[in-house]
Amino acid sequence: MSEKLKVGILGGTGMVGQRFIALLENHPWFEVTTIAASPRSAGLTYSAAVDGRWKMDTPVPEAVKNIVVKNVNEVEQTAAEVDFVFSAVDMSKDEIKKIEEAYAKTETPVVSNNSAHRWTPDVPMVIPEINPQHMDVIQYQKKRLGTTRGFVAVKPNCSIQSYAPVLTAWMEFEPYEAVVSTYQAISGAGKTFLDWPQMQGNIIPYIGGEEEKSEKEPLRIWGEIRDGVIEPAKSPLITSQCIRVPVLNGHTASVFVKFRGKPQKQDLIEKLTGFSGVPQQLGLPSAPKQFIQYLEECDRPQVTLDVDYENGMGISVGRLREDSVYDWKFIGLSHNTIRGAAGGAVLCAELLKAQGYIAKK
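Residues numbered from 1 in each chain as written. Predicted model: local features only at pLDDT ≥ 70, side-chain atom pairs only at ≥ 80, totals over all residues. Heavy atoms only, no water.

**Q** Hey, could you run me through the pairing of strand S11 (residues 251-259) in this one?
**A** Looking along a regular strand, one sees side chains alternate from face to face of the sheet. Most of S11 sits out of view: seven of its nine residues are buried. Bridge count for strand S7 (residues 175-184) against S11 is eight bridges, and the pairing is antiparallel. When the sheet's bridge partners are listed, valine 180 is paired in S11 with valine 255. For S11 and strand S14 (residues 328-334), the ladder comprises seven bridges, and the chain directions are antiparallel. Note that in S14 the partner of valine 255 across the bridge is phenylalanine 330. (Buried < 20%, exposed > 50% of the residue type's maximum accessible area, 1.4 Å probe, protein only. Helix = DSSP H or I, 4+ residues; strand = E, 2+ residues; numbered from the N terminus. Pairing = 2+ DSSP bridges.)

**Q** How do you make sense of the nonpolar core when you look at a structure like this?
**A** In a soluble, globular protein the nonpolar side chains are often hidden away together inside. By size, the foremost hydrophobic cluster in this structure holds 52 residues, and its most contacted members are Tyr163, Trp170, Trp222 and Phe330. Those residues in contact with tryptophan 222 that lie beyond four places of it in its chain are Ile130, Ala164, Leu167, Thr168, Met171, Ala233, Ser235, Pro236 and Ile238. If you look at the next biggest cluster of nonpolar residues, it comprises 40 residues, including Phe20, Ile21, Val69 and Phe86. (Core = buried A, V, L, I, M, F, W, Y, C linked by side-chain atoms within 4.5 Å. Contact = heavy atoms within 4.5 Å.)

**Q** Looking at this model, I keep getting lost on the pattern of salt bridges. Mind explaining?
**A** Should their charged atoms come close, side chains of opposite charge can pair. Tallied over the entire structure, the rule returns 15 salt bridges. Between glutamate 217 and arginine 118 there is a salt bridge, and its shortest N-O distance comes to 3.2 Å. Taken as a pair, glutamate 217 in helix H8 (residues 210-221) and arginine 118 in the loop between strand S5 (110-112) and helix H6 (138-145) lie far apart in primary sequence, 99 residues in all. For arginine 118, a relative accessible area of 3% translates into the label buried. Ionic pairing is found between glutamate 172 and lysine 271, a salt bridge with its closest N-O pair at 2.8 Å. (Salt bridge = Lys/Arg side-chain N within 4 Å of Asp/Glu carboxyl O.)

**Q** Mind showing me how you'd approach the packing of aromatic side chains here?
**A** How two aromatic rings sit relative to each other is given by the distance of their centres and the angle of their planes. Counting across every chain of the model gives 11 aromatic pairs. Pairing phenylalanine 30 with phenylalanine 84 gives two aromatic rings, centres 5.1 Å apart and planes at 70°, and the pair type is edge-to-face. One end of the pair, phenylalanine 30, is in strand S2 (residues 30-37); the other, phenylalanine 84, is in strand S4 (residues 84-87), and 54 residues separate them in sequence. Given a relative accessible area of 0%, phenylalanine 84 falls into the buried group. Measuring from centroid to centroid gives 5.2 Å for phenylalanine 84 and phenylalanine 86, while their planes differ by 75°, and the two rings are edge-to-face. Through a chain of ring-to-ring contacts, the aromatic side chains of Phe20, Trp29, Phe30, Phe84 and Phe86 assemble into a single cluster. Over the ring of tryptophan 119 we find arginine 220, and its NZ or CZ is 5.9 Å from the ring centre. Positioned above the aromatic ring of tryptophan 29 is the side chain of lysine 353, whose terminal nitrogen or guanidinium carbon lies 4.5 Å from the ring centre. (Phe/Tyr/Trp six-rings, centres within 6.5 Å; stacked < 30°, edge-to-face > 60°. Lys NZ or Arg CZ within 6 Å of the ring centre and 35° of its normal.)

**Q** Whenever I open this one, the sheet that holds strand S10 (residues 237-244) confuses me. Can you help?
**A** Within a sheet, adjacent strands bond to each other through the backbone by hydrogen bonds, running parallel or antiparallel. Pairing in this open sheet of six strands is mixed, and the strands run S10-S7-S11-S14-S13-S12 from one edge to the other. Single-partner strands in this sheet number two, and they are S10 and strand S12 (292-295). With direction set aside, neighbouring strand axes in the sheet form an average angle of 20°. For strand S13 (residues 315-322) and S14, the ladder comprises five bridges, and the chain directions are antiparallel. The residue of S14 that forms the bridge with glutamate 322 is tryptophan 328. Against the sheet, H8 makes contact with S7 and S10, and its axis sits at roughly 145° relative to S10, the strand it touches most. (Axes fitted to C-alpha atoms, helices over the stretch in contact; angles between N-to-C directions.)

**Q** Which parts of the structure should I look at to understand the packing of helix H1 (residues 15-24) against helix H12 (residues 338-355)?
**A** For any two helices packed against each other, one specifies the crossing angle of their axes together with the interaxial distance. Two elements in contact, H1 and H12, have axes separated by 9 Å at closest approach and are oriented at 55°. The angle between H1 and H12 falls in the class oblique. Considering the relative orientation of H1 and H12, their crossing is right-handed. Contacts between H1 and H12 involve Val16, Arg19, Phe20, Leu23 and Leu24 from the former and Ile338, Ala342, Gly343, Ala345 and Val346 from the latter. The class makeup of the residues in the contact of H1 with H12 is eight nonpolar, one polar and one charged. (Parallel < 35°, antiparallel > 145°, perpendicular 65-115°, else oblique. Left-handed = near helix turned anticlockwise from the far one by under 90°. Nonpolar A, V, L, I, M, F, W, Y, C, P; charged D, E, K, R; others polar.)

**Q** Hey, could you run me through the sheet that holds S4 in this one?
**A** Taken in spatial order, the six strands make up an open sheet running S3-S2-S1-S4-S5-S6, and their pairing is parallel. At either margin of the open sheet sits one strand with a lone partner, and together these are strand S3 (70-71) and strand S6 (152-154). Here six bridges tie strand S1 (residues 5-10) to S2, and the two strands are oriented parallel to one another. Paired with glycine 8 across the strands is threonine 34, a residue of S2.

Next up, the structure:
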């Protein structure tokens, strides 16, 4: 156990923080030794801090129950006890930027689930199977921050996970335009049905800020590092609508795509099922062995059957059909709080460790 990296969870009492705690139980590389949250939780044991509001299906791990929660604003004291931190703090964007950089300046790497730094030009925003090379921008960020080992890296929004990997797998066919509608689970808002009974049997056709993220973040992931910053790609152009639906976990996307190439259905399916990246090559602990599965049944993917594919880290695709206006259309599904949130960040941290960016202090 002493060989494991010591991990802190910032915002560890919220839903995403809880998901980090659950996913990191018995992790082969990482051990949660420190949990920090708002001043109202500071001083309580973790089990007391989440009493009555633990939202995971599995119980609070024994190893963290008696950890005394720290005040997340006490940066130096919290950072001194860990090798790196995951950030899931619930603050304003400006506050998040400030506190994540403050931790980085203590020479503590920050792997963030938050959106605040996703458009900071020298902060990598990474889906490890797609753009692991973007971690190279960290060297320029360190110069700006004046650090030798401290930096911030982020994972992208949960809404794009069910279609951005699919479009990436098809890049050789030159997709240039896509229409995306996402049907997003309530856990994406940090809620359960107990918290949000109004969502029972209901649909809300608006999620604040989500459509801009769904349209723009894939372009940054497909971008290139130039002059020490990440320059977003220009295409494919994406237009989206994002809808909240009465599902606990799992974001579904309905996608229409135009291609400059002329792929056949079998070509597209083969590219999906054969798509893999650095996490698979390195055998990272959280990496799905099969990143994308294609389901032939006409009524798949379904949340109840497919959201936990590859322990929630894989993407499920189905209903690939020719379209009368666009070229092809499909349905994608991803687990929003695992691949789309904490699990995606854990995989980023595993990649950063493998690349040498995260190590013992």
